[in-house]
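# Topology and contacts: notes
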Amino acid sequence: MFNTNHYFDGQVASIAFQSADLPATIGVMAIGEFVFSTSQREYMTLISGDMQVLLPGAEEWYQLAAGESFIVEANQSFEVRTTVESAYLCKYEDA
């Protein structure tokens, strides 16, 4: 069965599943700023909405358009901010 997770007092929700190639989650984020930590390499794709990301070691926020992705290595933290409710796909890979 699917595993559902809620973070940041319900402002981020995700459903875990096995994609064709890697374990994954599909989720939604409310408007806000969030700090995520990784335990595995993560491939995150913005499906819908508006998302800016501050990657580990970066000084500038990167603006994503729907369909764009970024990668964060295991054991890192990154920041995300959204200005509208947004949807994402995240795939996980052992480093």
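Now for a description of the structure that goes with this document. (Residues numbered from 1 in each chain as written. Predicted model: local features only at pLDDT ≥ 70, side-chain atom pairs only at ≥ 80, totals over all residues. Heavy atoms only, no water.)

Counting 16 residues, the largest nonpolar core has M29, M44, M51, F70 and F78 as its most contacted members. The set of elements that each furnish at least two residues to this core consists of strand 4 (32-37), strand 5 (41-48), strand 6 (51-54), strand 8 (69-72), strand 9 (77-82) and strand 10 (86-93). Counting residues per element, this core draws most heavily on strand 10, at three residues. (Core = buried A, V, L, I, M, F, W, Y, C linked by side-chain atoms within 4.5 Å. Buried < 20%, exposed > 50% of the residue type's maximum accessible area, 1.4 Å probe, protein only. Helix = DSSP H or I, 4+ residues; strand = E, 2+ residues; numbered from the N terminus.)

Our next topic: the pattern of salt bridges. Inspection of every chain in the model, using the stated rule, returns three salt bridges. For R41, the salt bridge is made with E73, and the minimal N-O distance between the two is 2.9 Å. Of this pair, R41 sits in strand 5 while E73 sits in the loop between strand 8 and strand 9, placing them 32 residues apart in sequence. Among the residues examined, E73 registers a relative accessible area of 39% and is labelled partly exposed. Ionic pairing is found between E93 and R41, a salt bridge with its closest N-O pair at 2.8 Å. Here E93 is found in strand 10, whereas its partner R41 is found in strand 5, with 52 residues between them in sequence. Three or more residues are tied together by salt bridges with common partners; here these are R41, E73 and E93. (Salt bridge = Lys/Arg side-chain N within 4 Å of Asp/Glu carboxyl O.)

Taken in spatial order, the six strands line up as 1-2-3-10-5-8 in an open sheet, and their pairing is antiparallel. Strands with a single pairing partner mark the edges of an open sheet, and in this sheet they are strand 1 (3-7) and strand 8. The average angle at which neighbouring strand axes cross in this sheet is 25 degrees, direction not considered. When strand 1 meets strand 2 (residues 12-18), the two strands line up antiparallel, connected through five bridges. Each residue of the ladder has a partner; that of H6, found in strand 2, is A13. (Pairing = 2+ DSSP bridges. Axes fitted to C-alpha atoms, helices over the stretch in contact; angles between N-to-C directions.)

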